[in-house]
Amino acid sequence: MKNAEKNGHSAPGQEQKTLQLDEEAIRKAGTVDLDDGAVTPGYGPYRESIIKLLNDALATELVCVLRYKRHYFTADGLESPAIAAEFLQHANEESAHADKIAERIVQLGGSPDLNPATLLERSHADYDECTDLKGMLRANLVAERIAVETYRQMVELIGDKDPTTRRMLEGVLAEEEEHADELSDWLKR
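Per-chain numbering applies: the sequence of each chain, read as written, is numbered from 1 onward. Per-residue local features of the predicted model are confined to residues with pLDDT of at least 70, and side-chain atom pairs are confined, for both listing and counting, to 80 or more; whole-chain, interface and lining totals are unaffected and use all residues. The basis for every side-chain value is the complete set of heavy atoms in the structure, and neither hydrogens nor water enter the calculation.

## Examining the packing of aromatic side chains
Defined as follows: Ring geometry is summarised as follows: Phe, Tyr and Trp rings, the Trp one being its six-membered ring, pair when their centres sit within 6.5 Å, and such pairs are stacked at plane angles under 30 degrees, edge-to-face over 60 and tilted between the two. Secondary structure is summarised from DSSP: a helix means a run of H or I of at least four residues, a strand means a run of E of at least two, and numbering begins at the N terminus for each. The cut-offs for exposure are 20% and 50% of the maximum accessible area for each residue type, with area from a 1.4 Å probe on protein chains only; residues under the lower value are buried, those over the upper are exposed, and the others partly exposed.
Under the defined criterion, the tally for this structure stands at two aromatic pairs. Ring centres of Tyr68 and Phe87 lie 6.0 Å apart, and the angle between their planes is 45°; on these two criteria the pair is classed as tilted. Of the two residues, Tyr68 is situated in helix α3 (residues 47-74) and Phe87 in helix α4 (residues 80-107); the sequence distance between them amounts to 19 residues. Judged by relative accessible area, Phe87 falls into the buried class, the value being 0%.

Pasting the structure below:
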């Protein structure tokens, strides 16, 4: 190894690649608008748009909780105990997603929109009052696939504009994909 490389310098003719923080921007971010909590100026112009996306996702999760709960309580038939248990588990996981999303909205300085009067119109997924197990499984699979595509698009849109929200959504997306796989398996039986 050449001496220049040992000392952290590039060899002649090679571009030196370093990573360096903007100390001035860090200090400024730490001291301005302290009432904004964790939201620093680096969040830029996208914060309000991200909050709206999250509030629509929140509405979707809450509608999904209600649909799964209805299916849990009304599932009837030979395999209904096992399928109903799956519906309850999914309802609880969707509720946990809603909690994460609401918490993130607050962290971003927004207000979670939990207004029951507008949940369905803001939700990407539908509520369902199906009475047969196959119909319930199908309605929930459709909703999960809608959630998967919604979160996939949100992750893509947000990109590096808000890494914390993106990572949260990636985790939710993984669980929604798992739900879709489980429902698909039930439909194939």
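The rest of the description comes next.
## Describing helix α7 (residues 163-188)
Put simply, the test is: By this rule, a helix spans an expected 1.5 Å times one less than how many residues it contains. Throughout, a contact is declared for two residues whenever any of their heavy atoms are within 4.5 Å.
Relative to the 38 Å expected for 26 residues at 1.5 Å per residue, α7 spans 37 Å between its end C-alpha atoms, a close match to the ideal helical length. Three or more residues of α7 are buried, namely Thr165, Met168, Leu169, Val172, Leu173, Glu176, His179, Ala180, Leu183, Ser184 and Trp186. The inward-facing, buried residues of α7 contact α3, α4 and α6 (133-158).

## Remarks on the packing of α3 against α4
Filter applied, for reference: Where helices are involved, their axes are fitted lines through C-alpha atoms of the stretch in contact, as for all axes, and angles between N-to-C directions lie from 0 to 180°. Here is the rule for angles: anything less than 35 degrees is roughly parallel, anything more than 145 is roughly antiparallel, 65 through 115 is roughly perpendicular, and the remaining ranges are oblique. Left-handed describes a crossing in which the near helix is turned anticlockwise from the far one by less than a right angle; the clockwise case is right-handed. Here the term charged refers only to Asp, Glu, Lys and Arg, the term nonpolar to Ala, Val, Leu, Ile, Met, Phe, Trp, Tyr, Cys and Pro, and the term polar to all other amino acids, Gly among them.
Two elements in contact, α3 and α4, have axes whose closest approach is 8 Å; the angle formed by their N-to-C orientations is 160°. Between α3 and α4, the crossing angle belongs to the class labelled roughly antiparallel. The interaxial crossing formed by α3 with α4 has left-handed handedness. Across the contact of α3 with α4, the residue classes tally to 17 nonpolar, five polar and four charged.

## Notes on the nonpolar core
The criterion, for reference: To form a nonpolar core, buried Ala, Val, Leu, Ile, Met, Phe, Trp, Tyr and Cys residues must be joined to one another through side-chain atoms within 4.5 Å.
Judged by nonpolar contacts, the single largest core of 22 residues is most densely connected at Leu54, Ile101, Tyr151 and Leu169. Where this core is concerned, the elements lending two or more residues are α3, α4, α6 and α7. Considering each element in turn, this core owes the most residues, six residues, to α6. For Leu54, the contacting residues outside a window of four places in its chain are Ile101, Arg104, Ile105, Leu108, Met154, Thr165, Met168 and Leu169. Counting residues in each nonpolar core, the second largest holds 14 residues, with Ile83, Leu133, Met136 and Trp186 among its members.

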